[in-house]
Amino acid sequence: LSAASALPAAAAELPRIVERDGRHALLVDGAPFLVLGGQAHNSSNYPAALPRVWAAIRDAHANTLAIPVAWEQIEPREGRFDFSWVDTLIKEARGNRVRLVLLWFGTWKNTGPAYAPAWVKLDNRRFPRMLDQDGKPSYCLSPFGEATLAADRKAFVALMAHLRRIDADKRTVIMVQVENEVGTYRLARDHAPRAEAAFAQQVPAAVLARQAPPAGRPAQGSWRAVYGEHAEQYFHSWAIASYIEEIAKAGRAVYDLPMFVNNALREPGTPPQAAAPWKGDFASGGPTWDVLGIYKAAAPHIDFAGPDIYMPESAKVSANLARFQRPDNALMVPEMGNAAGYARYVYQILGRGALGVAPFGIDYAAYSNYPLGSRYTDRRMVEPFARVYAAFAPMQRLWARWGFEGRTHGVAEGDDRAPQTLALDGWQATVSFREFQFGERAWLKDQNDYPDGSAAPNGGVAIAQTGPNEFVLVGQRARIKLSGAGANAGKMTMLVRAEEGRFDGAGKWIMERNWNGDQTDYGLNLPAEPTVLKLTMGSVEQ
Ligand code: N0T
């Protein structure tokens, strides 16, 4: 009997992603898990960098660290594997009581081969680059490179086999990202002979079934015939997804962890663009929202594609979350900017029932991602996220379950600062921002008078409906009012109780005080510090 089979059934269960009624959960140790994550910097994948990573992760109250494992570090010489980094990482993660999402930086890291070993990068003959329409090599390794695929797959399988050996009993590693922000900039697809031959073939039936031809196009035929001006981008997406599938499938055959890909987003709203020469302002072939069907068809061993959110505008964040949350694609935000303005989106993301989120650069290395992320590399960078995570952390398992049950909702303050409504079962919540805690705006002599600290949008609220008239609400810098709707429309409705408190780690509610009087007469006014309320509403027939 192996050590693993001696464990109780639930505890020995490997992490996995499950779907029910179009909603998803990441099961860890047999129960839904909420990823309150942080991602380390790209060069922090060495033991000496870890103290600054753990310090930031601890300050953030994160339960999960996403961090690279580079092909160049585990296989610096072909066939000689060195897993000392992985061993140190897992040992220290356990000591810090943090789970891990490993990021496999192999053939493609932000589309380029920078993290591939030198013996790969320096051998274009064996590991070919893509060719453009004039036969000139691109920077990007070709998805038709058979030796490249075989070598990447071999290294990845060795990594997964090692994880199985050292981690199957504890399951510190809960997910693996396969490659990073794949695709190709400035070139729509490969033009090497093997690629040309494949491009002339019929679109596979599995792809047609998941990625419908545009209106007026034939239902089958070559890529060009079926997808017209999208043909090159779609074909390249299929080629890259098929390559990733081979790696993920082989890795899962030895150790079956959930696997995903991440996407450097294209604009959520623009109509898909024509290629040849490539005019797209995004990487062709990556898992952009418009080709998720192709990824589903070509890469069934990839559980989901997640959006890396670096477009800070609230309207784009909402649009991108909607694009990536589908019955066939669990929502998880593998990366998000770590500037303060992104913290409010955690409420929206977790309120939508996402598996979780990981701001990028939760790491005290002396490297700032400004203007993509925060200016700061110290506590000032971590703090806006830390406050929100601290509020969710004690109820993380409950929240993950409620999300899976479809009970959760969330909003982030919009760039327009306007009120938003949430449709609940029998109730409607109206959430407004930049309100003082007492009274109404109409009372103010100066309509430009706003609360301190509200110059930039930073409010957010997430609500779980735990019963017909019961809610758990968590948020900051927002005013919430509930009114009857649906079954309660037209009834006299009222707030019965608004307890402020927290859940203990075991799921038991601990009341600290009950909001009433001034604290409820003008709505529920959540302060700057994230606050958890347990609400009971009531209604009487008029
Ligand atoms: C991300 C990160 C890291 C609207 C950037 C984002 C990470 C990679 N790439 O810090 O490199 O490994 O996945 C690209 C965003 C481009 C700018 C978009 C502006």
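(A) Summary view of the overall build of the protein chain. Within the protein chain one finds 16 helices and 23 strands. The C-alpha atoms of the protein chain give 25 Å as radius of gyration, which agrees with the globular expectation for 542 residues (24 Å, within 12%). Expressed as lengths along the three principal axes of its C-alpha atoms, the size of the protein chain is roughly 75 × 60 × 45 Å. Within the protein chain, the fraction of its 542 residues that count as buried is 56%. Of the roughly 21,800 Å² of accessible surface on the protein chain, 52% is carried by carbon and sulfur atoms. Measuring between centres, the 59 positive side-chain charges of the protein chain sit 2 Å from its 57 negative side-chain charges.

(B) Focus on the nonpolar core. Counting residues in each nonpolar core, the largest one holds 125 residues, and the members touching the most others are Leu65, Leu100, Leu163, Trp223, Met336, Phe392 and Trp399. Here this core takes 11 residues from helix α10 (residues 231–254), the largest share from any one element. Structurally, this core is a two-domain feature, drawing no fewer than three residues from each of domain 1 (33–394) and domain 2 (420–540). If you look at the next biggest cluster of nonpolar residues, it comprises 21 residues, including Trp427, Phe433, Ile463 and Phe471.

(C) Main features of the domain arrangement of the protein chain. By domain assignment, the protein chain separates into domain 1 (33–394) and domain 2 (420–540). The distance between the C-alpha centroids of domain 1 and domain 2 comes to 37 Å. The partner domain 2 presents 15 residues to the eight residues of domain 1 that form the contact. Note on domain 1 versus domain 2: buried area summed over both sides is about 940 Å², and carbon and sulfur give 62% of it. Among the residues of domain 1 in contact with domain 2, Arg344, Tyr347 and Arg387 are the three that bury the most area, contributing 60% of the side total. Connecting domain 1 to domain 2 are one salt bridge.

(D) How the structure looks around the side chain of glutamate 181. Assignment of secondary structure puts glutamate 181 in the loop between β9 (173–180) and α7 (193–200). Comment: no salt bridge for buried glutamate 181; closest opposite-charge side chain is lysine 109, at 6.1 Å. In contact with glutamate 181, not counting residues within four places along its chain, are Asn110, Thr111, Asn262, Asn263, Ala264, Asp308, Tyr310 and Glu335.

(E) Quick look at unusual backbone geometry. Going from tyrosine 370 to proline 371, the amide bond is cis rather than trans, its omega being 10 degrees. Along the chain, the position of proline 371 falls in the loop between β13 (356–359) and α14 (379–392). Notably, arginine 97 is not glycine yet its phi reads approximately 55 degrees, a positive angle. Looking at where arginine 97 falls in the secondary structure, it is placed in the loop between α4 (84–95) and β6 (99–109). With relative accessibility at 77%, the residue arginine 97 sits in the exposed group. For glutamate 179, which is not glycine, the phi dihedral falls at a positive 65 degrees.

Conventions and cut-offs
- Residues numbered from 1 in each chain as written.
- Predicted model: local features only at pLDDT ≥ 70, side-chain atom pairs only at ≥ 80, totals over all residues.
- Heavy atoms only, no water.
- Helix = DSSP H or I, 4+ residues; strand = E, 2+ residues; numbered from the N terminus.
- Rg over C-alpha atoms; globule rule 2.2 N^0.38 Å.
- Buried < 20%, exposed > 50% of the residue type's maximum accessible area, 1.4 Å probe, protein only.
- Areas by Shrake-Rupley, 256 points an atom, 1.4 Å probe, with all protein chains shown as cover.
- Lys, Arg positive; Asp, Glu negative; His and termini not counted.
- Charge placed at Lys NZ, Arg CZ, Asp CG, Glu CD.
- Core = buried A, V, L, I, M, F, W, Y, C linked by side-chain atoms within 4.5 Å.
- Domains from an automatic or database assignment.
- Contact = heavy atoms within 4.5 Å.
- Buried area = accessible area lost by both parts, 1.4 Å probe.
- Salt bridge = Lys/Arg side-chain N within 4 Å of Asp/Glu carboxyl O.

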